[in-house]
Amino acid sequence: MNKQRKFSKKNTITSVCIALCAAAAIVSSSQMSINTQATQIQTREQPVFTVAALENVQAALSNNIEEDVLPVPEPSYALYIDGKKIAVTAEESDITTVLDKIEKEALKSYSDKNAKAKITQKTEIKKDIYDDTPVSADELYKILNKPVENEVLYTIQDGDAPYSICEKYGLSLDEFSAMNGDNFDDYMFTGRKVKVKEETKLLTVTVTIKKTYTKDVKFQTETTYDDNDYADNKTVTQEGKNGKTQYTDEISYIDGEQVNVKNISKKVISQPVTEKVTVGTIEHHYGYASGNFLWPVPNYSMITSPFGPRWGTNHNGIDISGSGVYGADIIASDGGTVTLAQYDNSGYGMHIIIDHGNGFETQYAHCSELYVSVGEEVYAGQAIAAVGSTGDSTGPHLHFEIISNGTKIDPQIYLG
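Every value quoted in this text rests on a predicted model; they were computed, and no experiment measured them.

A. Spotlight on the overall build of the protein chain. A tally of helices and strands in the protein chain yields 8 helices and 26 strands. Counting across all 416 residues of the protein chain, residues that qualify as buried make up 30%. Counted over contacts in the protein chain with a minimum sequence separation of 6, partners at least 24 positions apart contribute 70%. Taken as a whole, the protein chain presents about 26700 Å² of accessible surface, with 49% of it coming from carbon and sulfur.

B. The arrangement of the sheet that holds strand 10 (residues 221–230) in detail. Read across the sheet, 3 strands follow the order 10-14-11 without closing on themselves; strand pairing throughout is mixed. The outermost strands of the open sheet, each flanked by one partner alone, are strand 10 and strand 11 (234–238). Each strand axis lies, on average, 30° off the axis of its neighbour in the sheet, ignoring direction. Sheet analysis places strand 11 next to strand 14 (residues 275–282), joined by 4 bridges and oriented antiparallel. Residue pairing in the sheet places Gln-238 in a bridge with Lys-276 of strand 14.

C. Molecular detail of the sheet that holds strand 5 (residues 116–119). The 4 strands lie next to each other as 5-9-12-13, forming an open sheet whose pairing is antiparallel. The sheet is open, and its two borders are formed by strand 5 and strand 13 (257–270), each paired with just one other strand. When the angles between neighbouring strand axes are averaged without regard to direction, this sheet yields 25°. Strand direction decides the pairing type here: strand 12 (residues 243–254) and strand 13, joined by 11 bridges, are antiparallel. By the bridge assignment, Thr-245 is partnered in strand 13 with Val-268. Packing against the sheet, helix 4 (residues 92–107) makes contact with strand 5 and strand 9 (205–217), and its axis sits at approximately 135° to strand 5.

D. Expanded view of the pattern of salt bridges. Enumeration over the complete set of coordinates arrives at 4 salt bridges. Between Asp-132 and Lys-85 there is a salt bridge, with the nearest N and O atoms lying 3.0 Å from each other. One end of the pair, Asp-132, is in the loop between strand 6 (123–128) and helix 5 (137–145); the other, Lys-85, is in strand 4 (residues 84–89), and 47 residues separate them in sequence. A relative accessible area of 34% means that Lys-85 is categorised as partly exposed.

E. Structural detail: the nonpolar core. Formed by 25 residues in total, the largest nonpolar core has its most connected members in Ile-330, Ile-352, Ile-354, Tyr-364 and Ile-384. Where this core is concerned, the elements lending two or more residues are strand 18 (318–321), strand 21 (350–355), strand 22 (360–370), strand 24 (383–387) and strand 25 (398–404). Residues within four places of Ile-352 in sequence aside, it is in contact with Val-338, Leu-340, Ala-341, Thr-362, Gln-363, Tyr-364, Leu-370, Val-372, Ile-384 and Ala-385.

F. Spotlight on the packing of helix 4 against helix 5. One can describe the packing of helix 4 onto helix 5 by two numbers: an axis separation of 9 Å at closest approach and a directional angle of 45°. With respect to helix 5, the element helix 4 is oriented oblique. When the axes of helix 4 and helix 5 are compared, the crossing they make is right-handed. Of the residues in helix 5, those in contact with Asp-94, Ile-95, Val-98, Leu-99, Lys-101, Ile-102 and Glu-105 of helix 4 are Ala-137, Leu-140, Tyr-141, Leu-144 and Asn-145. A class-by-class count of the residues in the contact of helix 4 with helix 5 yields 8 nonpolar, 1 polar and 3 charged.

G. Focus on a negative patch on the surface. Judged by side-chain charge, Glu-149, Asp-174, Glu-175, Asp-182 and Glu-199 come together as a negatively charged surface patch. By secondary structure assignment, the location of Asp-182 is in the loop between helix 7 (173–180) and strand 8 (193–200). Using a relative accessible area of 63% as the deciding quantity, one classes Asp-182 as exposed.

H. The environment of Cys-166, seen in detail. Among the structural elements, Cys-166 can be located in helix 6 (residues 162–169). Cys-166 has contacts with Leu-171, Ser-172, Leu-173 and Phe-176, leaving out every residue within four places of it along the chain.

Cut-offs applied
Residues numbered from 1 in each chain as written. Predicted model: local features only at pLDDT ≥ 70, side-chain atom pairs only at ≥ 80, totals over all residues. Heavy atoms only, no water. Helix = DSSP H or I, 4+ residues; strand = E, 2+ residues; numbered from the N terminus. Buried < 20%, exposed > 50% of the residue type's maximum accessible area, 1.4 Å probe, protein only. Contact = heavy atoms within 4.5 Å. Areas by Shrake-Rupley, 256 points an atom, 1.4 Å probe, with all protein chains shown as cover. Pairing = 2+ DSSP bridges. Axes fitted to C-alpha atoms, helices over the stretch in contact; angles between N-to-C directions. Salt bridge = Lys/Arg side-chain N within 4 Å of Asp/Glu carboxyl O. Core = buried A, V, L, I, M, F, W, Y, C linked by side-chain atoms within 4.5 Å. Parallel < 35°, antiparallel > 145°, perpendicular 65-115°, else oblique. Left-handed = near helix turned anticlockwise from the far one by under 90°. Nonpolar A, V, L, I, M, F, W, Y, C, P; charged D, E, K, R; others polar. Patch = residues over 30% accessible without salt bridge, like charges linked within 9 Å, V, L, I, M, F, W, Y side chains within 5 Å. Lys, Arg positive; Asp, Glu negative; His and termini not counted. Charge placed at Lys NZ, Arg CZ, Asp CG, Glu CD.

Dropping the structure here:
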């Protein structure tokens, strides 16, 4: 409905005033004619018109003039998206209500109660006189949610062909050719961008959520070198411990697809503890025999059966055992070359013989696993097998022998 506004005919008032002035001029002219001589002797007086008198005349005339009624158009409200007018409504609230509804609907897919939604495009509401027929809030909602076809760029992937791209985007080959050209060989290669059409909405909604999580901070290692120890010996003097840091990220989604991740805060929960280790610098000499023999099962010193007579025969070595010994490492008592590493029916089960090259050999029997093979050179202290109970054995242990120029002797003489 159009408002009514009243206009007075001021031009009529103006005409009356001009007529009054003209009449006054005629009266003044008559006075000059009658009083000619007086005019020659003294100055003629001018007719006097006051503002108050004119206002009185205008007021009197205004009371008698009929007023005209002229229609004035009612202003309405237009929604602009990225500078383009989309629709016009009678009330501004019709637009704001629909925009709020679209943002709230986007939040329904997210469990985060603190999620925030904001229309991605730039929206403006302008009040003006428009020729457009106003739409209702329901009609505006349908307009904003109706899919529209836009031209977008697609990056060609391995195996793509014009037909497969057309099928994916619902295009005919003629439409695809019109947008990109007929000579497919010129542009159909991986990584090239081609034009396609895709249905989108006039409005998209960016939903932002916050995600808090912790990450380990890897500890550093501080190494000290010991010139009196072997290079493969590593001693930990202080255990390392990872630290923890708490992060909070702001993650943005447009229509459910993640588009951006931004870290907004970082809090250290615990600092990492530096690991401290000591490492030897002496290199091992593979195959080198010193003539001194190491205890073959570190950390296990129990001898369950010594060298000498046993069960009516001679026990040609010593049996080393202890609680939890099964699977423990067996080391080479001195450096040398492996001459036997096998399982057989000799009663030794899995066993190894090392020739030290100085007239001595050592044998390691009843193993559960062998780490070395025939022909391999080893150094004193190198792990060569694991304690087991293979062959003629009543339980997990190592049967260890020292052989001097072919004669088996009591190992304890050399082990001390």
